[in-house]
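Each chain is listed here by its residues.
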Amino acid sequence: MHTRKAIIPHYLFAFFLLLFIACKIAVLGLPYFWDEAGVYAPAALYLHDHGLGLDPASLPPVLSRGHPLLFVNVLALFYHLFGDSTLTAHIFSLLISCGFFTSVYLIVKRHADATAGLFAAVYCMAQPLLFAQSVLALPEMLLAWMMLLSLHYWSTGRVWLFALFASLALFTKETAVILPVVVFLDMLIARWSKAQTYSWSKVYPILLPYVIFGLFLLLQKQQNGWYFFPYHADAISFKSDRLLLFLRQYFSFVVNGQGRIWSTMVMTILLVVYYRKNKKVRYARFSSVLILLCIGGLLFSSLNFYMNRYMVFVMAAYGILLSVILYMSDIHAYLRYAAFVLVLLAGAYHMRPSVPEQTGNLELSFTYDENMRYTDYLDAEQKAVDMLMENIGPTDSVFANFPAVFALRDTRIGFTDKEKDKDFILQSKAQTQTGFTYALIGDPGAFDHHIPPACIRQVWSYSSSNAHFILYKGLCSDGTEVPE
């Protein structure tokens, strides 16, 4: 029978989870943002329209981008069950996030105690990056959840369950390719420290994710002609200068960004105090694999595009490690809670950061989807689309740059109920863009188009803290307006 004191963390976790859900209700119905609108939601909508499938041929390469298809298939299934609205997708993502936070609580409770589990789960909820990502139709939260479960099962000796969830993680995103390496290194550390002796027969199950992913890549080669999406393959670089630059930036973001300098300070102080008292660091399997996961995540992500949302699973592991260190520290319970409240408030303070000083270059201050300022961009984009739709007719041709163009391709992206090719004509990108009635240009955005200055006249603009949209009227080569 549980004592009242023992179940208090359960009630507190339930309270904070419900509070977290309440804080997200206001953004559930927003349109899709950036990669949501450009890749993941259109991919899931395509599967919803044409049928589910995990093999590469299930999606056009421009939508799959060569990625494994677990996330978009599950999202497409939700579309089937509950409708293909943005609300459905964002509730789906919120459910994944709640599952992840619940697993954090229960797993850390299993490896430490309920208070440490509570600390870890609430810490993750309060991180601006995870708070923002928790409702976006992106695979990062599902990836972090599958990674966490796989490493938990590895740490508790259930190797085949590790293989299952590592495979699910790898079918969510390629980043999970580091998981077998992480547990293999953990085996070597355990042998070296003589903490535990592993049977090498366990090597076979941990290689299962590679076998399954290898079959996916062979299918991709056969069906699409390449193993990895060419655009992504070209972005991978092993040049030491770029690798070190991205590694420093990611490391700084994890340990210093968004108020986490306080977490790092608390963790460092407690580790020093613990080491001075115990004179050695005790090997713990779960902590060992989390540390290796952080290192592997930083290194692997540094090879590709730089995008702070790739750090979701690293930051979750970082928060769990902080909570475990608080749990094993010998400080008084009141000091432990005070330290936790300090790092919690630091994250909450940066939940919606102040508007940066305007420098004339929005790209420099743009925080993408790593905090709630993405809603400011959506608000500006919605105003721009509304203005465009007030002025166009069925025969009008429209050009828009990335990502605004995705707002016009499908009414289910959430910006408008006017349909392309019915209520207006959406112009494809050309080497030189002319002949349009209106052009909608957003900044930040892609500027890989060329519009002769003589062919446009600005008719409207709108600026927010991190976005600027301009609506141009198209002009003919002789300076007259394109006929209505």
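In the block above lies the structure referred to throughout.
Overview of the structure. Since the structure is predicted, the reported quantities are computational estimates derived from the model, not experimental observations. (Residues numbered from 1 in each chain as written. Predicted model: local features only at pLDDT ≥ 70, side-chain atom pairs only at ≥ 80, totals over all residues. Heavy atoms only, no water.)

## As for the pattern of salt bridges
- In the structure shown here, the tally under the stated rule is 10 salt bridges.
- When the shortest N-O distance is used, the salt bridge between arginine 412 and aspartate 410 registers 3.0 Å.
- Taking the shortest distance from any N to any O, the salt bridge between lysine 429 and aspartate 448 comes out at 2.6 Å. Taken together, the residues lysine 429 in the loop between β2 (425–426) and β3 (438–443) and aspartate 448 in the loop between β3 and β4 (456–463) connect sequence positions 19 residues apart. Accessibility classification places lysine 429 together with aspartate 448 in one group, the exposed group.
- In this structure, a network of salt bridges that share partners links the residues Asp35, Glu140, Lys173, Arg309 and Asp369. (Salt bridge = Lys/Arg side-chain N within 4 Å of Asp/Glu carboxyl O. Helix = DSSP H or I, 4+ residues; strand = E, 2+ residues; numbered from the N terminus. Buried < 20%, exposed > 50% of the residue type's maximum accessible area, 1.4 Å probe, protein only.)

## Let's talk about the packing of aromatic side chains
- Applying the stated criterion across every chain, the model contains 27 aromatic pairs.
- Pairing phenylalanine 402 with phenylalanine 406 gives two aromatic rings, centres 5.4 Å apart and planes at 90°, and the pair type is edge-to-face.
- Each member of the aromatic cluster is reached from another via a ring pair, and the members are Phe33, Trp34, Tyr368, Tyr374, Tyr377, Phe402, Phe406 and Phe469.
- Across the ring face of phenylalanine 131, the terminal group of lysine 24 is positioned such that the distance to the ring centre comes to 3.8 Å.
- If you follow arginine 260 out to its NZ or CZ, it ends over the ring of phenylalanine 253, 4.8 Å from the centre. (Phe/Tyr/Trp six-rings, centres within 6.5 Å; stacked < 30°, edge-to-face > 60°. Lys NZ or Arg CZ within 6 Å of the ring centre and 35° of its normal.)

## Quick word on the packing of helix α4 (residues 70–82) against helix α5 (residues 86–111)
- The contact between α4 and α5 brings their axes to 10 Å, and the two run at 125°. Viewed along their axes, α4 and α5 adopt a mutual orientation that is oblique. As for the relative orientation of α4 and α5, their crossing is right-handed in sense. For the pair α4 and α5, the contacting residues are Phe71, Val74, Leu75, Phe78, Tyr79 and Phe82 in the first and Thr88, Ala89, Phe92, Leu95 and Ile96 in the second.
- Partitioned by chemical class, the residues of the contact of α4 with α5 number 10 nonpolar, 1 polar and no charged. (Axes fitted to C-alpha atoms, helices over the stretch in contact; angles between N-to-C directions. Parallel < 35°, antiparallel > 145°, perpendicular 65-115°, else oblique. Left-handed = near helix turned anticlockwise from the far one by under 90°. Contact = heavy atoms within 4.5 Å. Nonpolar A, V, L, I, M, F, W, Y, C, P; charged D, E, K, R; others polar.)

## Description of the sheet that holds β4
- Here 5 strands make up an open sheet; going across it, the order is β2-β1-β3-β5-β4 and the pairing mixed. Every other strand in the sheet has two partners, leaving β2 and β4 as the edge strands with one partner each.
- Where β4 meets strand β5 (residues 468–474), 7 bridges bridge the pair, whose relative direction is antiparallel. Bridging from a neighbouring strand, serine 463 pairs with histidine 468 of β5. (Pairing = 2+ DSSP bridges.)

## A look at the side chain of histidine 152
- Looking at the element boundaries, histidine 152 is found in helix α8 (residues 140–155).
- At 3.0 Å, the side chain of histidine 152 and the side chain of histidine 111 are in polar contact.
- Not counting the four nearest positions on each side in its chain, histidine 152 is found in contact with Ile107, Arg110, His111, Arg158 and Phe286. (Polar contact = N/O pair within 3.5 Å; in protein donor to acceptor, adjacent residues only side chain to side chain.)

## Remarks on unusual backbone geometry
- The peptide bond linking phenylalanine 402 to proline 403 adopts the cis configuration, its omega dihedral lying at 5°.
- Within the secondary structure, proline 403 sits in the loop between β1 (397–400) and α21 (404–409).
- Between aspartate 443 and proline 444 the backbone carries a cis peptide bond, its omega angle lying at 5°.
- Within the secondary structure layout, proline 444 lies in the loop between β3 and β4.
- We note that tryptophan 34 has phi near 50°; this positive angle belongs to a residue other than glycine.
- Judged by its relative accessible area of 12%, tryptophan 34 is buried.
- Even without a glycine there, the phi angle at arginine 65 is positive, about 55°.
- Looking at the secondary structure, you find arginine 65 in the loop between α3 (61–64) and α4.

## Description of the pairing of β1
- Here β1 shows no split at all, with Ser397 and Phe399 on one side and Val398 and Ala400 on the other all buried.
- Both β1 and β2 contribute to a ladder of 2 bridges, which runs parallel. What sits directly across from serine 397, in β2, is isoleucine 425.
- Once the chain exits β1 it traverses α21 before rejoining the sheet at β2, and the crossover so formed is right-handed.
- Two elements, β1 and β3, share 3 bridges in a ladder whose sense is parallel. Within the sheet, the bridge partner assigned to phenylalanine 399 lies in β3 and is alanine 439. (Right-handed = clockwise from strand over helix to strand, strands pointing away.)

## A word on the pairing of β5
- Along β5, 6 of the 7 residues are buried, which leaves the element largely enclosed by surrounding structure.
- When β3 meets β5, the two strands line up antiparallel, connected through 6 bridges. By the bridge assignment for β5, leucine 440 is matched with leucine 471.

## Considerations on helix α2 (residues 35–50)
- If you check α2, its first and last C-alpha atoms are 21 Å apart, about what 16 residues at 1.5 Å a residue would give, namely 22 Å.
- Within α2, the axis deviates most sharply at alanine 41, by approximately 40°, and proline proline 42 lies no more than four positions further along.
- For α2, the tally of buried residues reaches 13 of 16 residues, placing the bulk of the element in the interior.
- Glycine 51 occupies a position one or two residues after α2 and carries a positive phi of about 115°. (Expected span 1.5 Å × (residues − 1). Bend = angle between axes of the 7 residues up to and from the residue.)

## Focus on the environment of tyrosine 438
- Mapping tyrosine 438 onto the fold places it in strand β3.
- Judged by its relative accessible area of 7%, tyrosine 438 falls in the buried class.
- Within the structure, tyrosine 438 has its side chain in polar contact with the side chain of lysine 473 (distance 3.3 Å).

The values are spatial; any link to function lies outside them.
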